[in-house]
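Residue-level listing of the chains:
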Amino acid sequence: MASDQVTLLDLWASPFGMRVRLALAEKGVKYEYSEQDLVNKGALLLQMNPVHKKIPVLVHNGKPVCESLIIVQYIDEVWKDKAPFLPSDPYQRAQSRFWADFVDKKIYDFGRKIWTEKGEDQEAAKKGFIDSLKLLEGELGDKPYFGGETIGYVDIALVPFYTWFYAYETIGNFSIEAECPKLIGYCMRCLKKETVSKSLEDPKKVYDFVVMLRKKFGIE
Amino acid sequence: MAEVKLYGFWPSPYSHRIIWALKLKGVEYEYIEEDLSNKSESLLKYNPVYKKTPVLVHGDKPIAESLVILEYIEETWPENPLLPKDPYERAMARFWIQYGVDTVAALRAFYQGSGEELEKAATELLESLKILEEQGLGDKRFFGGESMNLVDISYGALGYWLAAVEEVKGVKVLEPSTLPRLHAWAKNLDELPVVKGKHSGL
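Given the structure is predicted, the values throughout are model-derived calculations rather than measurements. Along every chain, residues carry numbers that run from 1 in the direction the sequence is written. Here the convention is simple: chains get letters from A, ligands get numbers from 1, in the order in which they are written. Note on the predicted model: pLDDT of at least 70 is required for a residue's local features to be given, and 80 or more for side-chain atom pairs to be given and counted; whole-chain, interface and lining totals, by contrast, use all residues. Excluded from the side-chain calculations are hydrogens and water; all other atoms, namely the structure's heavy atoms, are used.

The numbering of helices and of strands both runs from the N terminus, where a helix is a DSSP run of H or I of at least 4 residues and a strand a run of E of at least 2. The number of helices and strands found in chain B is eight helices and four strands. Mapped from its N terminus to its C terminus, chain B presents α and β elements in the order β-α-β-α-β-β-α-α-α-α-α-α. Projecting the C-alpha coordinates of chain B onto the three principal axes gives extents of approximately 50 × 40 × 30 Å. Between buried and exposed lies partly exposed: a residue is buried under 20% and exposed over 50% of the maximum accessible area for its type, with that area taken using a 1.4 Å probe on protein chains only. The 202 residues of chain B split such that 51% are buried. Where the 23 positive side-chain charges of chain B centre and where its 31 negative ones centre are 2 Å apart. Residues scored as charged are limited to Lys and Arg (positive) and Asp and Glu (negative), so that His and the chain ends carry no count. In this description, the location of a charge corresponds to atom NZ of lysine, CZ of arginine, CG of aspartate or CD of glutamate.

This brings us to the side chain of B:E166. With respect to the element layout, B:E166 can be found in helix α7 (residues 160–169). Setting aside residues up to four positions removed in sequence, B:E166 forms contacts with B:F110, B:V171, B:K172, B:V173 and B:L174. Note on contacts: a residue pair is in contact if any heavy atoms of the two residues lie within 4.5 Å.

Turning to the nonpolar core, a few remarks are in order. If you look at the biggest cluster of nonpolar residues, it comprises 145 residues, and the most contacted ones within it are A:F129, A:L136, A:F165, A:Y186, B:L56, B:L182 and B:W185. Those residues within four positions of A:L136 in sequence are excluded, and the remaining contacts are A:W99, A:F102, A:V103, A:I107, A:F146, A:L158 and A:L183. Buried Ala, Val, Leu, Ile, Met, Phe, Trp, Tyr and Cys residues form a nonpolar core when they are joined through side-chain atoms within 4.5 Å.

Attention now moves to the sheet that holds strand β1 (residues 4–8) of chain B. Residues and elements named next belong to chain B. Following DSSP output, two strands are said to pair if at least two bridges run between them. With mixed pairing, four strands are arranged side by side in an open sheet as β2-β1-β3-β4. Edge strands, defined here as strands with exactly one partner in the open sheet, are β2 (30–33) and β4 (61–64). Within this sheet the neighbouring strands show an average axis-to-axis angle of 20°, counted without direction. With four bridges joining them, strand β3 (residues 55–58) and β4 adopt antiparallel strand pairing. When the sheet's bridge partners are listed, L56 is paired in β4 with I63. Across the face of the sheet, helix α1 (residues 13–24) comes into contact with β1, β2 and β3 while running at roughly 155° to β1. Axes here mean lines fitted to C-alpha atoms, for a helix over just the part in contact, with angles spanning 0 to 180 degrees between N-to-C directions.

Whenever Lys or Arg places a side-chain nitrogen within 4 Å of a carboxyl oxygen from Asp or Glu, that contact is recorded as a salt bridge. Evaluated as defined, the whole model comprises 20 salt bridges over all chains. Where B:E71 meets B:R94, a salt bridge forms, and the shortest distance between an N and an O atom there is 2.8 Å. Placement of B:E71 in helix α3 (residues 66–76) and of B:R94 in helix α4 (residues 87–112) is noted, with a sequence separation of 23 residues between them. Per residue, the accessibility class of B:E71 equals that of B:R94, and both read buried. Here the salt bridges do not stand alone but share partners, grouping A:E77, A:R93, A:R97, B:E71, B:E75, B:R90 and B:R94 into one network.

Glancing now at the sheet that holds strand β4 (residues 63–66) of chain A. Residue and element names in this part refer to chain A. Strand order in the open sheet formed by four strands is β2-β1-β3-β4, with mixed pairing between adjacent strands. A single partner strand is all that each edge strand has here, and the edge strands are β2 (32–35) and β4. Neighbour to neighbour, the strand axes of the sheet diverge by 20° on average, direction disregarded. Examined bridge by bridge, strand β3 (residues 57–60) and β4 share four bridges and lie antiparallel to one another. Across the sheet, residue V57 finds its bridge partner in β4, namely C66.

With that settled, consider the packing of aromatic side chains. Residues and elements named next belong to chain A. Each Phe, Tyr or Trp ring (for Trp, its six-membered ring) is paired with any other whose centre lies within 6.5 Å, and the angle between the two planes then decides the class: stacked below 30 degrees, edge-to-face above 60, tilted in between. This structure, assessed with the given rule, holds 26 aromatic pairs over all chains. Geometrically, the ring pair formed by F98 and W99 is edge-to-face, given 5.2 Å between the ring centres and 80° between the ring planes. Taken individually, F98 and W99 each receive the classification buried, so the pair is uniform in this respect. Here the aromatic rings of F146 and Y186 are separated by 5.2 Å at their centres, their planes lie at 85°, and the arrangement is edge-to-face. Taken as a pair, F146 in the loop between α5 (119–140) and α6 (153–158) and Y186 in helix α9 (residues 181–191) lie far apart in primary sequence, 40 residues in all. The burial state of F146 is the same as that of Y186; both residues are buried.

With that settled, consider the interface of chain B and chain A. One widely used convention gives an interface's size as the accessible area the parts lose upon coming together. Taken together, the contacts link 25 residues of chain B with 26 residues of chain A. Our count for the contact surface shared by chain B and chain A stands at six salt bridges. B:R94 serves as the salt-bridge partner of A:E77, at 3.0 Å between the closest nitrogen and oxygen. Taken together, the elements giving at least two residues each to the side of chain B that touches chain A come down to β4, α3, α4 and α5 (115–137) of chain B. In terms of residues, the side of chain B that touches chain A owes the most to one element, α4(B), which gives 11 residues. Side-chain classes follow a simple rule in which Ala, Val, Leu, Ile, Met, Phe, Trp, Tyr, Cys and Pro form the nonpolar group, Asp, Glu, Lys and Arg form the charged group, and the remainder, Gly included, forms the polar group. Partitioned by chemical class, the residues of the side of chain B that touches chain A number 15 nonpolar, three polar and seven charged.

All names here are of chain B. Here a helix's expected span is defined as the number of its residues, less one, multiplied by 1.5 Å. In this model α1 runs 16 Å from its N-terminal to its C-terminal C-alpha over 12 residues, within 8% of the 16 Å that 1.5 Å per residue would give. Within α1, nine of the 12 residues are buried, which leaves it mostly tucked inside the rest of the structure. Taken residue by residue, α1 has P13, S15, H16, R17, I18, I19, W20, A21 and L22 as its buried positions. Residues adjacent in sequence count toward polar contacts only when both atoms are side-chain atoms; beyond that, a polar contact is any pair of N or O atoms within 3.5 Å, and within protein one must be able to donate a hydrogen and the other to accept it. Regarding α1, its N-cap is S12, as a side-chain oxygen of that residue lies 3.1 Å from the backbone nitrogen of Y14 further along.

Quick look at the structure:
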């Protein structure tokens, strides 16, 4: 695969983009990172993702793949000889897909409401967020990672959101660790891995980014 | 071969997706209708996270979320493949399946709207379906090419279900004049043996 041309269209603070960076790092794939301006979208982004005009987009030998979890599955299938993300048993694979989908449905949506809403709506989002993290803690059980002994599909789907926890906590005025110490312990364990620490952004920088977005959207 | 059970809700297109997939794979299964206003112990046991249908139970192992179930069926019964083998083509199929998840919001707004909101919802649904027709379906007979695959299955609600809603609302969105290829696709889908006769009573 030495002649592969791989480019990632991304935005540095995006947890969805971080999923792809982590997946590529786990497989040891060399790629070109291309930071995108989402306010003035460039021709390349519009050409590669005409339907949604969003990041991340993986461009592999000129062909674009969109939607972060679809990209992660694609990476797993193309670079299949190393670090498989999904288990080999179909039932276990279904469970992994279910929980990654759960992260998309719950963690992202509730998290977003924590930094965009106020008052009762924000409180409801905080509760939903914590309840969802607790369900994930239950699913993790005693395993070091959702993937078992190694990082897998659900870990890749979830752990980038850790970089947004500091922003959620500061804006929402609550402590995620106080409610879900096991999950935070899990995130810390993941961050000890070089592939994770080099793929994830600094939570303080993400917080500054979110503060900027709130000002821009006139939230406060 | 372990027993296969499907907990479903007959008015829901999500349940029909699973029925079509199982039929296309020739899998014997027992169908159990759920009363969603009075959920059974089994449903709550098998889908504690969402407490929704459809749920597939294979042996005694439950799988929830229709798109997750479809991928499970595809992997467990590989005969008559419903996804491309090539990773890039598979990613494209999954992309269009995912696009349908976003289309559901537009469908729901159309179903629930009235007056001005209905008009707006109809326009948005039309725009959404235009992209699907132009870039997803193109000139193919089915999303899967000559025969239906998981993408066609995931859009099943655009056939009989949308037609029923259009009749109730008195507003047509999917017509030969507005969406000729997608309209033809819906007609072809409705003629397939696995689909025909599944939606009587709507």
